[in-house]
Amino acid sequence: MAIIIDGKKISQDVRNEIKEKALHLKEVRGIIPGLAVILVGDDSASEIYVKRKENACREAGFLSKEFRLPADTDEKEIFDIIYKLNRDETIHGILVQLPLPKQINPESVIEAVDPKKDVDGFHPYNLGHLFTGDAFHNSCTPSGILELLDRYGIEIKGKETVIVGRSNIVGKPLAMMLLKRHATITICHTRTKNLSEVTKRAEILIAAAGSPEMIKGNMVRQDAVVIDVGINRLGNGKLAGDVAFSEVSKKASYITPVPGGVGPMTIAMLLMNTLNAALI
Ligand code: GUN
């Protein structure tokens with residue numbers, strides 16, 4: 001049976017460390033890390049995420065500013081808020097919660113954020129620097145995955161690593177981050193032929209395709225490390241990952257559960273990026 005990676009515990013450890021560092025930063029340099037969150041419209045999942053981010057900020061001793069705008073807000077209004085926050089010295093991180101309503105182009109909004117304050121790591125400046133060297137900020141979910149691997153002492157260097165999913169938020173940046181850590185990377189997606197042949201090669205398998213329980217036991221190599229990034233709401237209201245946990249956990253050496261695996265790490269890494277932004 002696999003060792004279950006406890007993302008809830010690790011995220012709390014990271015958050016406690018951040019809280020201590022923030023306290024030190026306040027005492028020594030008089031700086032309080034500040035995060036501004038912009039939420040447009042009334043997407044119910046986004047409401048929950050934004051609440052969690054604000055609570056996490058408060059708990060870590062950060063300043064948290066919140067901008068809630070109606071669904072029919074136009075782009076200009078959002079740009080004006082972002083430009084003001086770019087100049088606001090009390091704010092070190094700016095996060096625009098996605099998805100945005102249809103009339104707003106998410107790429108333009110993301111590009112309006114000062115890359116130094118882009119604590120989501122979504123700005124093309126930061127994504128470009130992830131390819132060529134060091135970005136100011138890396139995307140939070142991939143950073144959270146690396147943090148879990150590191151804190152469980154799982155070696156990345158030289159490992160055959162397969163990522164299922166090619167999103168700009170997880171699959172693509174994660175591939176670059178793992179490559180920098182000397183993993184051998186394969187990215188798979190819906191058009192990959194013989195997917196299970198590829199996934200079976202993986203010493204580290206990362207499922208980030210957004211398809212409930214698509215990774216079955218017979219797609220996984222014996223003793224693989226399996227990281228499940230999926231959060232899928234099923235018809236019965238239950239949460240499921242991208243990995244069929246009960247089958248795969250019998251074969252894996254380590255596995256992340258859903259919930260309580262990768263999910264809680266994202267907010268911890270957002271706080272880490274905001275703390276780092278306060279230090280830039
Ligand atoms: N919507 C879902 N996940 C995220 C995230 O990590 N950042 C932002 N800004 N929006 C999201």
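Residues numbered from 1 in each chain as written. Predicted model: local features only at pLDDT ≥ 70, side-chain atom pairs only at ≥ 80, totals over all residues. Heavy atoms only, no water.

Q: Residues and numbers for the pattern of salt bridges, please.
A: Within this structure, the stated rule accounts for 12 salt bridges. Measuring nitrogen to oxygen at the nearest pair gives 2.9 Å for the salt bridge that ties Asp134 to Lys180. A residue pair is termed long-range when its members are at least 10 positions apart, and Asp134 in the loop between helix H5 (124-132) and helix H6 (140-151) and Lys180 in helix H7 (residues 171-180) qualify at 46 residues. For Asp134, a relative accessible area of 64% puts it in the exposed group. A network of salt bridges, in which partner residues are shared, links Glu17, Glu147 and Arg151. (Salt bridge = Lys/Arg side-chain N within 4 Å of Asp/Glu carboxyl O. Helix = DSSP H or I, 4+ residues; strand = E, 2+ residues; numbered from the N terminus. Buried < 20%, exposed > 50% of the residue type's maximum accessible area, 1.4 Å probe, protein only.)

Q: Kindly report on the packing of H6 against H7, identifying the contributing residues and their values.
A: As a packed pair, H6 and H7 sit with axes 8 Å apart at the nearest point and diverge in direction by 40°. What the angle tells us is that H6 and H7 run oblique. In the crossing of H6 with H7, the sense of the turn from one axis to the other is right-handed. Touching Pro142, Ser143, Ile145 and Leu146 of H6 are Pro173, Leu174, Met177 and Leu178, all from H7. Considering only residue class, the contact of H6 with H7 consists of seven nonpolar, one polar and no charged. (Axes fitted to C-alpha atoms, helices over the stretch in contact; angles between N-to-C directions. Parallel < 35°, antiparallel > 145°, perpendicular 65-115°, else oblique. Left-handed = near helix turned anticlockwise from the far one by under 90°. Contact = heavy atoms within 4.5 Å. Nonpolar A, V, L, I, M, F, W, Y, C, P; charged D, E, K, R; others polar.)

Q: Explain the sheet that holds strand E2 (residues 34-40) to me, and be specific about the residues and the numbers.
A: Overall, parallel pairing links the three strands, which are arranged E3-E2-E4 in an open sheet. With partners counted over all chains shown, the strands left at the sheet margins are strand E3 (63-69) and strand E4 (93-96), one partner each. Within the sheet, the average angular offset between the axes of one strand and its neighbour, ignoring direction, is 15°. Where helix H3 (residues 75-87) meets the sheet, its contacts fall on E2, E3 and E4, and the angle it forms with E2 comes to roughly 180°. (Pairing = 2+ DSSP bridges.)

Q: Describe the site of the ligand, naming the residues involved and giving the relevant values.
A: In the neighbourhood of the ligand, the contacting residues comprise Lys53, Leu95, Val96, Gln97, Leu98, Asp120 and Phe122. Here a nitrogen atom of the ligand and a backbone polar atom of Val96 are 2.8 Å apart. At 3.2 Å from a nitrogen atom of the ligand is found a side-chain nitrogen or oxygen belonging to Gln97. Its residues placed into classes, the shell around the ligand shows four nonpolar, one polar and two charged. (Near = heavy atom within 4 Å. Polar contact = N/O pair within 3.5 Å; in protein donor to acceptor, adjacent residues only side chain to side chain.)

Q: Break down the environment of Ser249 for me, citing the residues and quoting the values.
A: Inspection of the secondary structure puts Ser249 in the loop between helix H9 (245-248) and strand E11 (254-255). Among the residues examined, Ser249 registers a relative accessible area of 3% and is labelled buried. Between the alpha carbons of Ser249 and Ile91 there is a distance of 43 Å; along the sequence they are 158 residues apart. Residue contacts for Ser249: discarding those within four places in its chain leaves Met1, Ala2 and Ile255.

Q: Residue-level account of the packing of aromatic side chains, with values.
A: According to the stated counting rule, one finds three aromatic pairs in the structure shown. Each ring, one from Phe79 and one from Tyr83, has its centre 6.0 Å from the other, and the planes form 20°; the classification is stacked. Highlighted residues: Phe79 and Tyr83, both in helix H3, separated by four residues, approximately one helical turn. Take Phe79: its relative accessible area is 16%, and that puts it in the buried class. (Phe/Tyr/Trp six-rings, centres within 6.5 Å; stacked < 30°, edge-to-face > 60°.)

Q: Kindly report on a nonpolar patch on the surface, identifying the contributing residues and their values.
A: There is a patch of nonpolar side chains on the surface, built from Tyr49, Ile231 and Leu239 and spanning about 250 Å² of accessible area. Relative to the helices and strands, Leu239 is located in strand E10 (residues 239-240). (Patch = residues over 30% accessible without salt bridge, like charges linked within 9 Å, V, L, I, M, F, W, Y side chains within 5 Å. Areas by Shrake-Rupley, 256 points an atom, 1.4 Å probe, with all protein chains shown as cover.)

Q: Any chance you could break down the nonpolar core for me, citing the residues and the numbers?
A: Core analysis: the largest hydrophobic core is formed by 50 residues, its most contacted members being Phe62, Ile145, Leu178, Ile206, Ile227 and Val229. Elements supplying a minimum of two residues to this core: helix H1 (7-29), E2, helix H2 (44-59), H6, H7, strand E7 (204-207), strand E8 (225-228) and helix H10 (263-279). It is H10 that provides the largest number of residues to this core, a total of 10 residues. The contact partners of Ile227, leaving out residues within four places of it in the chain, are Ile5, Ile145, Leu149, Leu205, Ile206, Ala207, Thr256 and Val262. Ranked by size, the runner-up nonpolar core spans 18 residues in total, among them Cys188, Ala207, Val220 and Val248. (Core = buried A, V, L, I, M, F, W, Y, C linked by side-chain atoms within 4.5 Å.)

Q: An account of the side chain of His92 is requested, with residue identities and associated values reported.
A: Structurally, His92 is set in the loop between H3 and E4. Ignoring anything within four residues of it in the chain, the contact list for His92 reads Ile31, Ile32, Pro33, Gly34, Lys116, Lys117, Val119, Thr274, Ala277 and Ala278.

Q: An account of the environment of Met272 is requested, with residue identities and associated values reported.
A: Structurally, Met272 is set in helix H10. Taking the C-alpha atoms as reference, Met272 lies 9.9 Å from Lys21; in sequence the two are 251 residues apart. Residues in contact with Met272, not counting those within four places in the same chain, are Val14, Ile18 and Glu147.

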